[in-house]
Amino acid sequence: MSTKGETRQCLGAWVPLERAAAHLSMNAAALRKTLERRATRASDGATEANLDGVQARKFGRIWRVRFSPAWGLP
């Protein structure tokens, strides 16, 4: 059983695109294309996309994904 600190850390973790795609039952290319279509510029200049409780952000050329608690942890 996890403690509150461990749960909070897991919920805030950025997940690699491939792992996120598997959790969403998609292939990585389809998820990447969806994120690119939804991409906007954040106030800090980063590229990000938000859809249905999934937050994605580009770190350099690589997308990383975070899920809302409703999705469960991948």
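Each remark here, short or long, concerns the structure printed above.
Attention in this report is confined to the structure presented alongside it. From a predicted model like this one, the values you see are computed outputs, not experimental measurements.

A closer look at the pattern of salt bridges
Turning to step 1, where the next piece is worked out: Counted under the stated rule, the structure contains three salt bridges.
Turning to step 2, where the next piece is worked out: Where glutamate 48 meets arginine 57, a salt bridge forms, and the shortest distance between an N and an O atom there is 2.9 Å. Taken as a pair, glutamate 48 and arginine 57 share a single burial class, namely buried.
Turning to step 3, where the next piece is worked out: Residues joined by salt bridges that share partners form a network here, namely Asp44, Glu48 and Arg57.

Side note on the environment of phenylalanine 59
Turning to step 1, where the next piece is worked out: Positionally, phenylalanine 59 belongs in strand β4 (residues 54–59).
Turning to step 2, where the next piece is worked out: Leave out the neighbours within four places in its chain, and phenylalanine 59 touches Trp14 and Arg64.

Points about the sheet that holds strand β2 (residues 40–41)
Turning to step 1, where the next piece is worked out: Taken together, five strands build an open sheet; the order of strands is β1-β5-β4-β3-β2 and the sheet is antiparallel. Pairing within the sheet leaves two strands with one partner each, and these edge strands are β1 (15–16) and β2.
Turning to step 2, where the next piece is worked out: Pairing of β2 with strand β3 (residues 47–51), which is carried by two bridges, proceeds in the antiparallel orientation. Looking at the pairing, arginine 41 lines up with threonine 47 of β3.
Turning to step 3, where the next piece is worked out: The strands that helix α3 (residues 28–38) touches are β2, β3, β4 and β5 (62–67); relative to β3, the one it contacts most, it runs at about 105°.

Details of the packing of aromatic side chains
Turning to step 1, where the next piece is worked out: Throughout the structure, instances matching the rule amount to one aromatic pair.
Turning to step 2, where the next piece is worked out: Aromatic pair tryptophan 14 and phenylalanine 59: ring centres 5.4 Å apart, planes at 75°, arrangement edge-to-face. Taken together, the residues tryptophan 14 in the loop between α1 (4–11) and β1 and phenylalanine 59 in strand β4 connect sequence positions 45 residues apart.
Turning to step 3, where the next piece is worked out: Using a relative accessible area of 40% as the deciding quantity, one classes phenylalanine 59 as partly exposed.

Focus: α3
Turning to step 1, where the next piece is worked out: Listed as buried for α3 are Leu31, Thr34 and Leu35. With its buried residues spanning 100° around the axis, α3 presents them on a single face. Facing away from the buried surface of α3 by more than 90 degrees, the exposed residues are Lys33 and Arg37.
Turning to step 2, where the next piece is worked out: Packed against the buried residues of α3 are α2 (17–23), β3, β4 and β5.
Turning to step 3, where the next piece is worked out: You can read the cap of α3 off the contacts: a side-chain oxygen lies 3.2 Å from the backbone nitrogen of alanine 29, and it is on asparagine 27.

Basis of the calculations
Residues numbered from 1 in each chain as written. Predicted model: local features only at pLDDT ≥ 70, side-chain atom pairs only at ≥ 80, totals over all residues. Heavy atoms only, no water. Salt bridge = Lys/Arg side-chain N within 4 Å of Asp/Glu carboxyl O. Buried < 20%, exposed > 50% of the residue type's maximum accessible area, 1.4 Å probe, protein only. Helix = DSSP H or I, 4+ residues; strand = E, 2+ residues; numbered from the N terminus. Contact = heavy atoms within 4.5 Å. Pairing = 2+ DSSP bridges. Axes fitted to C-alpha atoms, helices over the stretch in contact; angles between N-to-C directions. Phe/Tyr/Trp six-rings, centres within 6.5 Å; stacked < 30°, edge-to-face > 60°. Arc of directions from axis to C-beta. Polar contact = N/O pair within 3.5 Å; in protein donor to acceptor, adjacent residues only side chain to side chain.

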